[in-house]
Amino acid sequence: MQGFTLFDFDPPGDTIALRADLRAWLSEHQPQGDVVRRANCWASFEPDFSTALGKAGYIGMTLPERYGGGGRHPLERYVVIEELLAAGAPVGAHWIADRQTGPLILRYGSEEQRELYLPGIARGELYACIGLSEPGAGSDLAAVQTSARETADGWRVNGQKIWTTGAHFSHVILALVRTEEGSERNAGLSQLLIDLDTPGITIRPIVDMAGNHDFNEIFFDDVLVPHSALVGERGQGWRQVTAELALERSGPERYLSSHALFAALIDAAGADPDPALATLIGELTAEMWTLRQLSMSTAAKLAAGEDPMVEASMVKELGNAFEQDMPRRVQAIVDCGWDDESDLARLLRALLIASPSFSLRGGTREVIRGIIARGLGLR
């Protein structure tokens, strides 16, 4: 693929043993629950499971041991995340803190912030959300208007964030705010780590068309946070956020959100499937294998300290297309009525409703394609 250099995926240690150990652990600890909850499972909130997962050493794997982490290689963490998603494990409670907030604090945060937040993240007990989108700044993050003015007492924050996943159960929000009055676009932005029980913060639910409450809007009404809430350098929020988004856009969750449907399709096909069904399963398998190679290659670049923004955007764009197309392709050849209560039919119904939203999270398709085009020198 033009613009995409594959890296070898060769994590240290015995990944075969790591997979086997995790699968054995999941067989004892993963809640059975409803089959539909296994789809898009990184939005499924199960705090007891997150605590048990942290105790077993499967959260905060790449954080240093002095902060309660495992000191493991990033590609070992990739193997664990891949297994958890393929199993449909309910990882939503700790997901954002483990994937983005912890690594960003480790890279840019103060020692005080590391000691305060990282041990709780590694234990699976501290949950975080991301404060990026606003009513007038969805995927166009450079239009952020939430302000933070520095005073003698700390930062005074005013504004609104929207589409904030997990804010209703999170402890902290990593918010992109405008700290330089009169600044425009990506200049003058900073990141603040704000405890969500701070006075002046209001969280309101956004319920989707399926009746799920994953998203929220957050209002900051003259919220006072300490000077120490600043993460990294003042005015460097844009650079820090783009590094954070590479983590969000390139992981296996970008092509495994519909995996439960794929597994149910294979189970329903049996040993001697209809030729059309066998063809579809073969096509989906080949496409998933390719996406996995792209995602692992991007993970290898991140582990090597590179900033593969274009590659991460490619993984997101291609992965979103795959997981959105899968329910429609299954629907086209499988006879599942809307009153069918089989696992396959129920998963198909759920994903036909949910999958259109997959390309919105982490940046809309139009924005992602713009990043790819610029990276390839096409605009």
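Residues numbered from 1 in each chain as written. Predicted model: local features only at pLDDT ≥ 70, side-chain atom pairs only at ≥ 80, totals over all residues. Heavy atoms only, no water.

## A word on the nonpolar core
Formed by 62 residues in total, the largest nonpolar core has its most connected members in Leu84, Leu261, Leu265 and Val330. Going through the elements one at a time, α1 (15-29), α2 (47-55), α3 (74-87), α4 (95-108), α7 (259-269), α8 (275-303), α9 (309-333) and α10 (343-354) are the ones with two or more residues in this core. Considering every element that reaches this core, the biggest residue donor is α8, with 9 residues. Non-local contacts of Leu265, meaning those with residues more than four positions away in its chain, are made with Leu277, Leu280, Ile281, Leu284, Val330, Val334 and Leu344. Val157, Ala167, Leu192 and Val225 belong to the second largest nonpolar core, which has 18 residues in total. (Core = buried A, V, L, I, M, F, W, Y, C linked by side-chain atoms within 4.5 Å. Buried < 20%, exposed > 50% of the residue type's maximum accessible area, 1.4 Å probe, protein only. Helix = DSSP H or I, 4+ residues; strand = E, 2+ residues; numbered from the N terminus. Contact = heavy atoms within 4.5 Å.)

## Here we look at the packing of aromatic side chains
All told, the structure shown has 6 aromatic pairs when counted by the stated rule. Each ring, one from Trp25 and one from Tyr58, has its centre 6.0 Å from the other, and the planes form 65°; the classification is edge-to-face. Taken together, the residues Trp25 in helix α1 and Tyr58 in the loop between α2 and α3 connect sequence positions 33 residues apart. Consider the rings of Phe45 and Phe169, whose centres lie 4.2 Å apart with planes at 20°: the pair is stacked. Of this pair, Phe45 sits in the loop between α1 and α2 while Phe169 sits in the loop between β3 (155-161) and β4 (172-178); the two residues are 124 residues apart in sequence, bridging distant segments of the chain. Members of the aromatic cluster, connected to one another through ring pairs, are Trp25, Phe49 and Tyr58. The ring of Phe219 has Arg204 sitting right over it, with the charged end atom 4.6 Å from the ring centre. (Phe/Tyr/Trp six-rings, centres within 6.5 Å; stacked < 30°, edge-to-face > 60°. Lys NZ or Arg CZ within 6 Å of the ring centre and 35° of its normal.)

## Points about the pairing of strand β1 (residues 128-131)
Of the two faces of β1, the one holding Ala128 and Ile130 and the one holding Cys129 and Gly131 are both buried throughout. Relative to β4, β1 is paired through 4 bridges, and the arrangement is parallel. Bridge assignment links Cys129 to a residue of β4, and that residue is Ile173. (Pairing = 2+ DSSP bridges.)

## Observations regarding the confidence of the model for the protein
Across the protein, pLDDT averages 85, with 90% of residues at or above 70. Ranking the elements of the protein by mean pLDDT puts helix α11 (residues 365-375) last with 68 and helix α5 (residues 111-122) first with 97. With pLDDT under 50 throughout, residues 1-8 is counted as low confidence; its partners more than four residues away or in other chains account for 25 contacts. (pLDDT = per-residue confidence, 0-100.)

## A short note on the packing of α1 against α2
Between α1 and α2, the shortest axis-to-axis distance is 12 Å and the interhelical angle comes to 145°. In the crossing of α1 with α2, the sense of the turn from one axis to the other is right-handed. Contacts from Trp25, Leu26 and His29 in α1 reach Phe49, Ala52 and Leu53 in α2. Classifying every residue of the contact of α1 with α2 by side-chain character gives 5 nonpolar, 1 polar and no charged. (Axes fitted to C-alpha atoms, helices over the stretch in contact; angles between N-to-C directions. Left-handed = near helix turned anticlockwise from the far one by under 90°. Nonpolar A, V, L, I, M, F, W, Y, C, P; charged D, E, K, R; others polar.)

## A closer look at the pairing of β4
Burial analysis of β4 places 7 of its 7 residues in the buried class, which makes it a mostly covered element. With 7 bridges connecting them, β4 and strand β5 (residues 189-195) associate as antiparallel partners. Within the sheet, the bridge partner assigned to Ile173 lies in β5 and is Ile194.

## Focus on the environment of Leu347
Relative to the helices and strands, Leu347 resides in helix α10. Judged by its relative accessible area of 0%, Leu347 falls in the buried class. C-alpha of Leu347 to C-alpha of Leu265: the two residues are 82 residues apart in sequence and 9.7 Å apart in space. Among all residues touching Leu347, those that are not within four sequence positions of it are Val35, Val36, Ala39, Ala260, Leu261 and Ala264.

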